[in-house]
Structure formats: structure tokens, C-alpha cells
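Residues per chain are reported as follows:
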Amino acid sequence: MSTSTATPQTAHGQPEAPPAAHAAAGLPHPDPGDWEPGRRVIAPSFAPLPGHQWQEEPLMSHDGMHVAAVVRQEDDSFTMRVDDEVWDAGFDKVWSPRFLPDGRLVAIVQQDGEWTVAVDGETWPDTYGFIWSLLHGPAGKVIAAVQQDMRYGMIVDGEPWETLYENANNFALSPDGRRTAAVVQTVPLGQADIETFTRGVYSVAVDGEAWGRNFMNVWTPVFDNRNDRVAAQVRLSHSEYTVAVNGAPWPATFPCVWEPCFDPATGAVAAPVRKDGRWGMALDGTLLWEARFFQCWTPAWSPDGRHLWAIVAPRYGSFTVARDASPWPFAAPVVTDLVLSPDGARAAALASHDNAAWQVVVDGVVWPGRWDMAWRPVFSPCGRHVAVRVKDRGRETVLLDGRPWREAFTTAWDPVFGPATANGAGMAVLLRGIRDGACERWVATPDDFRA
Amino acid sequence: MSATEFSGIAERRIEDANLVRGVSALTRERIERVVKAVTKGEAGARLAVYHETCMRCGMCADACHYCISHDGDPTYSPVGKMEQTMWKLLRTGGKVDPDDIYGMAQIAYTECNLCRRCVHYCPVGIDTGYVMGLVRRICHRLGVVPLYIQDTAHSHSGTMNQMWVKDDEWLDSLVWQEDEARGEIPALRIPFDKEGADFLYSVIAPEPKFRTQLIYQAAVIFDQAGVDWTMPSAPGWDNSDMCMFTGDYEMMGRLKRCHFEMAQKLKVRRIVMGECGHAFRSVYDVGNRWLGWKNHPVPIVHSVEFFWELLTEGKIKLAKKFDEPVTIHDPCNIIRGRGLMDKLREVTHALCSNVVEMSPTREHNLCCCAGGGVINCGPPFKGVRLAGNKAKADQLAATGVHTVVAPCHNCHGGLEDIIHHYKLGMHTKFLGDLIYDCMEKPGAA
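Just so it is clear, the structure is predicted and the values come from calculations on it, not from any experiment.

The rules behind each value
Residues numbered from 1 in each chain as written. Chains lettered and ligands numbered in written order. Predicted model: local features only at pLDDT ≥ 70, side-chain atom pairs only at ≥ 80, totals over all residues. Helix = DSSP H or I, 4+ residues; strand = E, 2+ residues; numbered from the N terminus. Rg over C-alpha atoms; globule rule 2.2 N^0.38 Å. Buried ≥ 20, exposed ≤ 12 C-beta atoms within 10 Å, placed from the backbone. Contact = placed C-beta atoms within 7 Å. Nonpolar A, V, L, I, M, F, W, Y, C, P; charged D, E, K, R; others polar. Core = buried A, V, L, I, M, F, W, Y, C linked by C-beta atoms within 7 Å. Pairing = 2+ DSSP bridges. Axes fitted to C-alpha atoms, helices over the stretch in contact; angles between N-to-C directions. pLDDT = per-residue confidence, 0-100. Domains from an automatic or database assignment. Expected span 1.5 Å × (residues − 1).

A. Focus on the overall build of chain A. Across its full length, chain A holds 2 helices and 44 strands. In summary, chain A has a C-alpha radius of gyration of 23 Å against a globular reference of 22 Å for 451 residues, a match within 12%. Principal axes of the C-alpha set define a box for chain A whose edges measure 60 × 55 × 40 Å. The 451 residues of chain A split such that 52% are buried. A separation threshold of at least 6 residues defines the contact pool for chain A, and within that pool the share at least 24 residues apart is 42%.

B. Seen up close, the overall build of chain B. Secondary structure summary: chain B contains 23 helices and 8 strands in total. Principal-axis analysis of the C-alpha atoms places the extent of chain B at approximately 70 × 45 × 35 Å. Residues classed as buried in chain B amount to 61% of the 445 residues present. A fraction of 82% describes how many contacts in chain B between residues 6 or more apart in sequence connect residues 24 or more apart.

C. Quick peek at the interface of chain A and chain B. Contacts between the two partners involve 41 residues from chain A, matched on the other side by 49 residues from chain B. Elements supplying a minimum of two residues to the side of chain A that touches chain B: strand S7 (93–99), strand S11 (130–136), strand S12 (142–148), strand S15 (167–173), helix H2 (194–199) and strand S32 (334–340) of chain A. Its residues placed into classes, the side of chain A that touches chain B shows 21 nonpolar, 18 polar and 2 charged.

D. Region of the structure containing the nonpolar core. Of all hydrophobic cores here, the largest spans 290 residues; its most connected members are Ala144(A), Met154(A), Val204(A), Ile101(B) and Cys139(B). Excluding residues that lie within four positions of it along the chain, Ala144(A) makes contacts with Val117(A), Ile131(A), Trp132(A), Ser133(A), Leu134(A), Leu135(A), Met154(A) and Ile155(A).

E. Seen up close, the sheet that holds strand S4 (residues 300–302) of chain B. All names here are of chain B. Ordered in space as S2-S1-S3-S4, the 4 strands form an open sheet in which the pairing is parallel. The sheet is open, and its two edges are formed by strand S2 (229–230) and S4, each paired on a single side. Summarising the sheet, strand S3 (residues 270–273) and S4 pair through 3 bridges and their orientation is parallel. Along S4, the bridge assignment pairs Ile 271 with Ile 300. On the sheet, helix H15 (residues 249–266) packs against strand S1 (199–202), S2 and S3 and is oriented at approximately 150 degrees with respect to S1. Contacts from helix H17 (residues 303–312) reach S3 and S4 within the one sheet, and its direction differs from that of S4 by about 80 degrees.

F. Representation of the confidence of the model for chain A in the model. Summarising the model, chain A shows a mean pLDDT of 91, and 91% of its residues fall at 70 or more. Note that residues 1–27 of chain A has pLDDT below 50 and, in this model, 91 contacts with residues that lie over four places away or in other chains.

G. Spotlight on the domain arrangement of chain B. Residue and element names in this part refer to chain B. Split by domain assignment, chain B resolves into domain 1 (9–145), domain 2 (158–312) and domain 3 (326–438). Counting residues at the interface gives 17 residues for domain 1, matched by 21 residues for domain 3. Within the residue set of the side of domain 1 that touches domain 3, elements represented by two or more residues are helix H5 (65–69) and helix H8 (98–110). Counting residues per element, the side of domain 1 that touches domain 3 draws most heavily on H5, at 4 residues.

H. A look at the environment of Ala63(B). Residue and element names in this part refer to chain B. Following the sequence through the fold, Ala 63 ends up in the loop between helix H4 (45–53) and H5. Taking the number of C-beta atoms within 10 Å as the measure of exposure, Ala 63 has 22 and is therefore buried. C-alpha separation for the pair Ala 63 and Leu 366, spaced 303 residues apart in sequence, amounts to 8.3 Å. Beyond its immediate chain neighbours, meaning those up to four positions away, Ala 63 contacts Pro 78, Arg 117, Cys 118, His 120 and Tyr 121.

I. Fine view of the sheet that holds strand S9 (residues 114–119) of chain A. Residues and elements named next belong to chain A. Ordered in space as S7-S8-S9-S10, the 4 strands form an open sheet in which the pairing is antiparallel. Among the strands making up the open sheet, the edge pair consists of S7 and strand S10 (122–123). In terms of strand pairing, S7 meets strand S8 (residues 105–111) through 5 bridges, oriented antiparallel. Bridge pairing in S8 places Trp 95 opposite Ile 108.

J. Here's a closer look at helix H10 (residues 147–159) of chain B. Residues and elements named next belong to chain B. Helix length check: H10, at 13 residues, gives a terminal C-alpha distance of 18 Å against a target of 18 Å (1.5 Å per residue), a fit within 8%. Among the 13 residues in H10, 13 count as buried, and that is most of the element. Phi for Met 160, located one or two positions after H10, is positive at around 65 degrees.

K. Summary view of the environment of Asp343(A). All names here are of chain A. Position of Asp 343 relative to the elements: it lies in the loop between S32 and strand S33 (347–353). Accessibility expressed as a C-beta count within 10 Å gives 17 for Asp 343, which makes it partly exposed. Put simply, Asp 343 and Asp 372 are 29 residues apart on the chain and 30 Å apart in space, counted from C-alpha to C-alpha. Look past the residues within four positions of Asp 343 in its chain and what remains in contact with it is Ser 302, Pro 303 and Gly 383.

Here it is as C-alpha cells:
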């Protein structure tokens, strides 16, 4: 199996990390001593080691000090290479490797048809029918989806939920990285048993314990910022949707809803809702934003609860970002990757035409330049700066506040801001990538970005 | 003709558990309310224009394979089906009996493939597929949907795929196919979640469930062509969409959002879809627009177009040609819906030394009678499909060949049924089957 060069905070296909996550949770900062400006070559040439048949595309640690890759050894087994060392153990499969914020390297591995997780080469003591969808958070726990004896749930540091279910999906992690939740199927379904389905077979299990109520469907569970309550989209009948919080649905129903999010200040829950063919925003079941948009999704609160953001389409086919129901003057056919500043007062997003000519938009203002591809914006801890990885004609670089870095990589990873300073002075950005075959880390200052 | 002259559907009613159950819960008041909500709240001017411009001329009758296959019975004609359903609902303001809804559901779900052939023959271009889709929308909102296709829609909502495939089962299928393919191409990999790949390859759920060899073949083709591709490890991998055909547009939108967001998350340049027609319609035309995008947020390329690209760019080189005579079936959703008839022929001619065209052909070709969700309505209605596609059986038989090239899953299902039923002695092939068989494989062991 192949690997990903991505360093996602959430598993692929799972609910997207809340828009504020990149800034609020933040990627780990390298040690202070590692913020000396300039270039450091981590591996002059990351070619396969002697005796390795091949290696997959590499991934770099968050601090840019290590590079790793899946390698296939002479005996046809797979393992992980970290810099010039390899794990002792070989496996039939190694999949979905990633560096954790604390520097540990984690991967899903298979041996003799059984799956488990290896952390820095040490496997969990037990094996399972299947492991997938790795998650990790600030608490340092390694979390995944698990199937054992055709029962489904989640597993935390090698400990599966006490109760496993008929099925589980839509895996979620609390903001502190300690609690887990997933949509679970609590009742078996026979072939074409639509009556049972309609009565409700889905619930949310939090740390393995299901809500006391089932629904026809449940999607995108999300924790509040106290790591306590869980909200999710639920479908009550074929045409009635609403949001349930800890299993209790809002009294109002809607023809459709999207992903809910908790107001960090009050604990209220907002979610996009459809009404009379248009989209608005409901708060605890009552319309907060008038349903006047052709689309409204990806809601996100500022940490103080003062502002509610979302991607909206004020006109058909024309998307932008709205703060407190007021759209930016900018609009494009597609808007994605909404990210809030740490204080939630600012926002950045990406816009594209036909998945090309990507533009970066910050606070409604478009940066100069169009790119073949752009990645999720990253705010500095002080919230004053934004960095974005972009691709142009096969080369990748990083933009800082709209200005491109002076060099380009063959492959790059997301930029990482240095520690916060009171006024943003002395700010540094860690750039990681492969250039001319060498794996490098650069600590760049604003002067390194072209005007 | 007036509505009272039609009695066809009453005489050919077929028992379906969910149609019976759904109708038993209806009241005239609820029907009227839902009909008004859909026709006034959702349909708008387009429906009104169609209703007011339809001259009941009957030009569409000879365009419909159901009507042709039933000796021109007007109750099977597109206008006849609209007359018995939507035109009647509009004429009465939705004041109909629950029993009427049963018949309307049966017509809309099982006697129209939404193939849009009749659009080409209507003097004013009325899109019967759109109108019948709205009838289905009403039936969905009334809870009167055939059992098996409703179950498929439930699968979509519970698993984000059509066949109740669980997350690990999907992954296991890919792992298995990669292992199998490595027996032939030792260095082959199925790249999961490869961020920034040129394209995401998406398939329909029957592939991991029943036709895993198609994933194997695609992996070999892409690997040997040297293209930069990926497949997602999580929901969003299935591009199919029976919710579009049940009239559950909210679920359709949810599915398409999941699909497109997976592609956006992986930062791929485009999505290449397997050989499926209805999924293409959903992703390229319908589901994306329901979500508010004028077009698709990530470019969509059907396999026919992608194979054409690989062949014309020389990325695939052929070691041989398929020598048996073949004929070409034109799937509605990629031919009438996308205009890929020329590229389909160029690819087929590149692969096959003897191609015999059907008559009629290209955008005038007859439907397989499985599409539009009709085959998904399951065993109770199989006979309807078989009887309703005698015209296709005659058309196939007239070619005199034994191999039908059809780049669409539903078409394979429908064609195989009529081939068997009418004892045509033919078999079907995907383009991927032919390419896999005929291509050079320099990486083979």
C-alpha cells in the first residue's frame, strides 16, 4: 500500500478538523534552538537504502528534523525507515504512517492477516481484524478505528472500546484528544429490512457507550470544547433532519442540516439548516441566520463565541465566506479550507475555478497570484500572519501574507510558525520540503519572502 | 387523449412491499400538500413550461423502448406516462387517491429509465426524464418507493456507499486486489490517500462487492500507463447514487459532498470515474448542482474519456487487438448526457479489429432498460425490464455479433438480463476488460 505525504489532523474521510483547529490546536513547535534562520539539510539524498527494493514517498516530522518512508526490504517485507535507520520488525503491510506532534512515528501494520499499530517500531500487544482511520490529538494518544470479530468501534493506545458494534464510522476525537466518539449501528439489519432501518439503528457511542436513543441516520459527531457533550446531525425520518446533543434532538426539524458546532462560550449548538429551498444557520434549533443562501456549510465559532463563520453561497454558483451572516465581497465558483485565526476574528480560505487557478483569500481580500493547487492556510499564533503552501507548474512553495518564498521545492509540507511573540516581530516560519533531491528544513523570516 | 382513457397501470400493477406499505399510510390531504410543495416549491418554471407546451403529439412514443417493446401501447409512451402521473397531478392540483400514487410510483420508478432518448424526438424538447424524476421526488416525500431501491438508498445514507460496504471491507478489497495484482506486476501499488495526485479514481460499490477484478484491472492499467493516481481509504470512494433516482435529493447532495470533499481534501487535480453511467450523471450534472455549484468543483472525467486520453497520448500501448466482432452499446448518461459517442468509438476501434454498429446508434441508441434505478427496484420488477426491452434484444440480435462493449455497470446488468432472457448468445465487456487483455504490460513478471 502506498503512503500519504499529508500530515492531517483528522483521518481521511472523517469529519474535517474544525476550521479553527490548525490555529488553535496548532502544530508542535520545534525546540527554541531550532528556530535559527537558515537552511539545514536533513538528508542530502533520500534515495533507497542498500537492500531496499523501493521506498514510498517520504514524510517529514513536524519539526523538520526527521524524514521517514515506507520501505520494502529484500525479503519482501515492509517496514519504516526513519532517516537512515529502519525499524527492527518487518510486516506484510505498512500503511498510513505519520509523525505525531511529539515526534513519534506511527503506522498501521499487518502481519499474517491481522492488523495492529506500530509506534516507533513497537507494535501494540494485540492484533485485530482491521485497523484504520488513525487519529491523534494533544494528549498524545494514538487512536484508530477497529474491527474485531466483525464488531466495530474505536481503539485508544491499544485498548478497544469495551463495547463494539455492528458497524462504526464518522470517527471523532475530543479537542483535548482524550475522548472518542463515532456513529455506531446498534441493531443488526437483515437484507432489505427497511422497516427496522426506518425505526432507527444508528446512534453515537462516546468512549464506547452509545446514546440511549437511535436515529434513522447520524453523521459527524463533534465534541464541545469542554470535551464533554457531543452533537451530531440526525435524520428522524426520510424528510426530517435535525441536530441531537447527547442524544436529545432539537425540537425543530428541517429538510436538511449540515455539521453542527458548539459555541465555545455558551455551549449552544449551531448548524446550517435548509428551509424553503435555501440555507441558513440555526442555533439550538431556532433560525439564527435567515435562510437566504444557496449553500451554507463548514460552520466555525470564534473561541470567545462572538463570531460565527461559514462558507456560503449568496448566489447560485457563487461561494464566499460569511461572518455572522455577512458575506465577504469576494466570491468564486468554489471556496474551501476555511481557517480561523486563533482569536477567531480573522479568517482565511481558498478559492478556485474548476479546481485550478487557486487563490488565497484572507479577510475577504484576495492575495495576488493564482496557483495550480493550494493547501489549507495556517495562521501564526499571534493571528497576524498567514502562510499557505501552493503549487505552480509542478513546483511547490509557501506564501507568507501573500508573498512567495524565494525558493521552490519539488515537494513541500505545510509551513509551521515559530513561537508567538507579542507583536509578531521576529516571527519565523519553518519550511519543510525536498529540493534537488535533498530533504531540507528552512527557518525563514519575512525578508525571505519576495515582495 | 384524456387521462380517463388510460387504464394501463391499473391492469399491470405489481406487488411491492414498500409501495403497499407507503400507500397505506397516505391521505388525500398529505398527497395534495406534498404535490404542491414539490411542483410549486421545487420545480418552478421549467415544469410549468413543459406542461404548457406539451402538445400530446405523441412524437415521443416511437422513441421509448418500453413503448416500442409493447407494440406502441400509448400508456407506455413518454407522454402517456407523463399524462398518467405529473400531468394528472398538475391538472388535479394533487387531489388524487392514495391508490393513484401506487400506480404513479410504479410508472415513474419502473417504466421509465430517465434515459432522455425521447427528448431528441420531442418537437419542443420536453425532458421526460426530468418530469419523471419529479414524480419520483413526490413519491419519495410521500414514502412510496419500491423496496429494493429504498434499501439501496438506505445503504447510501448509512455507509456512504451503495452496497452496505463497511469501511474496513473497502480497504480489504483494495489490499486484496493489490496483492493479487502484484502476482502479475510485482511493483504494482494501489496508492491510498496520495495527496496531490493527478487524479482520484472513484468507483461504484458493486466493484468492491462483486466485481473486484475491475479494480485489479484498473490498477494494472494505471500502473502500466505510469499515471499519478490515488484511491481514498475512507467514505467518498463510491460515486454511485441511487438517492438521485429515488428522489431523495438531500441524501444525493450529502453523497456528492462527501465525494467531492474527499477529492478536495486529497488535493487531486481531477476525478476519474470508473465505467458507470448513472454515477457520472449524479456527479457531473445533478448532485453537484443541487449543492449550489454551477459545475463540478473538481473536474470529472469518465473512464471512456480517460482511456481515450491514455491511448491517444501513447501511455497505453497495445500488444494485440480483440479479434472477435463487437458491437457498441451507448450508455445514456455518458452519450446523451455528455456526448462521449465519438471517443467511445475511437477507443473501441483502437482495441477491436471488427466493430459492427447497432442501428440506431450513438445518441439515438436504445437504453439498456436497467438505468435510472430501474434495475435497483429489484426482482419484483425484473419482468418489466425484460418485457420493456424486447426492442433492445432485437437490436442486439440484428448485429449478428456475440460481444457487446458497454462502458456502464447498469448497462451490463440490463443487457446481460435480456441476453439471457431472449437467448441471444452474447456477452458483455467493459472497455477496461479489453484494454487489460490487449495492452502491453512491460512491468509484468
